[in-house]
Amino acid sequence: MAAMGRRPRQDLLAGLTVAIVALPLALGFGISSGLGAEAGLATAVVAGAMAALFGGSSLQVSGPTGAMTVVLVPITAAHGASGVLTVGLLAGILLIGLALARAGKYMALVPAPVVEGFTIGIACVIGLQQIPAALGVPIPEGDKVAVVAWQAVQDFFVDPQWEAVGVTVVVAGVMLLGVRWRPTLPFSLLAVIAATLVAEAAELNVARIGELPAGLPAPSLAFLDPGTLYILIAPAIAVAALAALESLLSAAVADGMSVNHRHNPDRELFGQGLANLAAPLFGGVPATGAIARTAVNVRSGASSRLAAFAHAAILAVIVFSAADLVAQIPLAALAGVLLATAVRMVEVGSVMAMVHSTRGDAVVLVLTAIATLALDLVLAVILGLIVAGALALRAVSRDARLDPMPLYPELPGDHTEQEHALLAEHIVAYRLDGPLFFAAAHRFLLELSEVADVSAIILRMSRVTTIDATGALVLGDAIERLEHRGITVYVSGIRDGHHQPLEALGVIARLDRAGQVFATTPDAIAAARNRLHHTGVLPADRTPDELTGPGL
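Residues numbered from 1 in each chain as written. Predicted model: local features only at pLDDT ≥ 70, side-chain atom pairs only at ≥ 80, totals over all residues. Heavy atoms only, no water.

Q: Is there a simple way to think about the overall build of the protein chain in this case?
A: Of regular secondary structure, the protein chain possesses 24 helices and eight strands. Looking at the 552 residues of the protein chain, the share that counts as buried comes to 53%. Counting only contacts in the protein chain whose residues sit at least 6 apart along the sequence, the fraction spanning at least 24 positions is 83%. For the protein chain, the exposed area adds up to about 24800 Å²; of that, 63% sits on carbon and sulfur atoms. (Helix = DSSP H or I, 4+ residues; strand = E, 2+ residues; numbered from the N terminus. Buried < 20%, exposed > 50% of the residue type's maximum accessible area, 1.4 Å probe, protein only. Contact = heavy atoms within 4.5 Å. Areas by Shrake-Rupley, 256 points an atom, 1.4 Å probe, with all protein chains shown as cover.)

Now the structure itself:
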């Protein structure tokens, strides 16, 4: 909270800029959800203020979002406004539960290419969403932004609206050029004000925001219906998952766009939970961290949570006292602000560096970006995580190796070259390096099964980093195959943490009873050599002590 007083003027200007951008979005998302424009405004004001004060990101701006609207539409159709409000309340409780369980830390496991691809995809979605307003045509029907944008382009050529295009290009150009000249000036706000004044003076034929609802609904608990709560649990889980995912990703994006800012994921979940508990009381829809508004906030120079709180407070003031003035802002001007914001969201240098780092990173980044644009946010991130996980498992599995090792360094005593050659004909040692788990186990089995005919094999397991049930079963299978060929198997160097899966699955119990499991490799070699002498594989005219030499 102390940071809120460091740069109040800069934060208040950023909050004002975000409020101007958030106003039409709040209205539009409220209408799209089926609860009306006032629901969107209530969400932006109430949830925005709560998340700003109690959330874990100082730069995050919360409110209604397009992704959440997609989830809410079927809930509205099935259960009406009371169903949506109840779902919001339940989602808030779930988010607080996730925060108390410290689930936010798992967001740190999301790979950087997924976050970067998600950011690129969101920037594309934001840009495409502005095409109808930028071209001055009504928003075509549809839920796919690319299809809607293409239809808007076709409608534009039927009846061109060059005034709207001009306003959009000028506002976006002023923002993109101005930030290079004076990064600290709120060029987005100045451009919107100038565009509004010019549109009024020149009587341009451009669409305006239009009439706003007066005030916010009074607090109410009338939407609660305990008899239907169990029906809404599943939708509430989906809403909570989306709110958590989008908010934490948005906070991560804000971290990437700033210099020294880092969010607290658990506190962010807690703040979003409180926001979703409070918003339904005033008729608001479920809220999340909004990437577009957060990006505007960061790019406008916000340095503390005062900017996000100011955005909510300014929206409240606008709702009650300045609705007539805001109604005159051209939608094309706001489209220009968001188009410039979308362009600035993408850090080209960071993207190019990641694309050129590894082929896997490039695939994950591009796939996540395309999925965000073509599918939806949750599916895009899940798909990115699955692909990134698969590539990571593939890379880790390649680290698992089965290397033949010479016996000389571990062979006790002094031996002649002839004795070394004789032992090498009958005993071979293999060192297992890396993880022995499901992704690498079958390759290990194939390699071990191809071992040439020898009398004894020593498996050195001191460098196995991890072993799971699949790896343990495959190891047991390999041992059985070798023994079926008449090869005696010795195991050495099993780590303490690896005994449990091996013993639980009965992999080494029989070897242990037979005295074929050892703590060190020299002990295993001595046991193998003695066995080969007693079975007559080694020359009978040499005793075990003679073979061992003076070193033992």
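Q: Would you take a moment to explain the packing of aromatic side chains for this structure?
A: Ring pairs (aromatic) are described by centroid distance and by the angle formed between their planes. All chains considered together, the criterion is met by three aromatic pairs. Taken together, a centroid distance of 5.5 Å and an interplanar angle of 70 degrees make the contact between Phe-156 and Phe-157 edge-to-face. Judged by relative accessible area, Phe-156 falls into the buried class, the value being 4%. When its relative accessible area of 60% is taken as the criterion, Phe-157 is described as exposed. On the numbers, 6.3 Å between centres and 35 degrees between planes, the contact of Tyr-490 with Phe-518 is tilted. Linking Tyr-490 in strand β7 (residues 488-492) with Phe-518 in strand β8 (residues 517-518), this pair joins segments that are 28 residues apart in sequence. Side by side, Tyr-490 and Phe-518 carry an identical accessibility label, which is buried. (Phe/Tyr/Trp six-rings, centres within 6.5 Å; stacked < 30°, edge-to-face > 60°.)

Q: Can you walk me through the packing of helix α2 (residues 37-54) against helix α12 (residues 306-321) in this structure?
A: Helix-helix packing: each pair is described by the crossing angle between the helix axes and the interaxial distance. The contact between α2 and α12 brings their axes to 8 Å, and the two run at 155 degrees. Accordingly, the angle class assigned to the pair α2 and α12 is roughly antiparallel. α12 is crossed by α2, and the crossing has left-handed handedness. From α2, Leu-41, Ala-44, Val-45, Gly-48, Ala-49, Ala-52 and Leu-53 reach across to α12, where they touch Ala-308, Phe-309, His-311, Ala-312, Leu-315, Ala-316 and Val-319. Tallied by class, residues from the contact of α2 with α12 come to 12 nonpolar, two polar and no charged. (Axes fitted to C-alpha atoms, helices over the stretch in contact; angles between N-to-C directions. Parallel < 35°, antiparallel > 145°, perpendicular 65-115°, else oblique. Left-handed = near helix turned anticlockwise from the far one by under 90°. Nonpolar A, V, L, I, M, F, W, Y, C, P; charged D, E, K, R; others polar.)

Q: Honestly, helix α14 (residues 331-345) in this entry has me stumped. Any pointers?
A: Since the α-helix advances by 3.6 residues per turn, residues separated by three or four positions end up pointing in the same direction. For α14, which comprises 15 residues, the first-to-last C-alpha distance of 21 Å matches the rise-based estimate of 21 Å (1.5 Å per residue) to within 8%. Along α14, the residues classified as buried are Ala-332, Ala-333, Leu-334, Ala-335, Gly-336, Val-337, Leu-338, Ala-340, Thr-341, Ala-342, Arg-344 and Met-345. Packed against the buried residues of α14 are α1 (8-33), α4 (112-129), α5 (131-135), α7 (162-181), α8 (187-201) and α11 (291-299). (Expected span 1.5 Å × (residues − 1).)

Q: Just to check I follow, could you spell out the pattern of salt bridges for this structure?
A: According to the stated counting rule, one finds four salt bridges in the structure shown. One salt bridge connects Glu-483 with Arg-510, and the closest N-O pair in it is separated by 2.9 Å. Of this pair, Glu-483 sits in helix α20 (residues 469-484) while Arg-510 is found in helix α22 (residues 509-513), placing the two residues 27 residues apart along the sequence. (Salt bridge = Lys/Arg side-chain N within 4 Å of Asp/Glu carboxyl O.)

Q: Please clarify how the environment of Val-206 should be interpreted in this entry.
A: Structurally, Val-206 is set in the loop between α8 and α9 (233-257). On the accessibility criterion, Val-206 (11% relative accessible area) is buried. With residues up to four places along the chain from it excluded, the contact list for Val-206 reads Glu-163, Ala-164, Ala-199 and Pro-330.

Q: Mind showing me how you'd approach the pairing of strand β4 (residues 427-436) here?
A: Working note: regular strand, side chains alternate between the two faces of the sheet. Among the 10 residues in β4, 10 count as buried, and that is most of the element. Pairing analysis gives five bridges linking β4 to strand β5 (residues 456-460), with the strands arranged parallel. The residue bridging Tyr-430 from the neighbouring strand is Leu-459, located in β5. Pairing geometry for β4 and strand β6 (residues 464-467), over three bridges, is parallel. Among the inter-strand pairings, Gly-434 is bridged to a residue of β6, identified as Val-464. (Pairing = 2+ DSSP bridges.)

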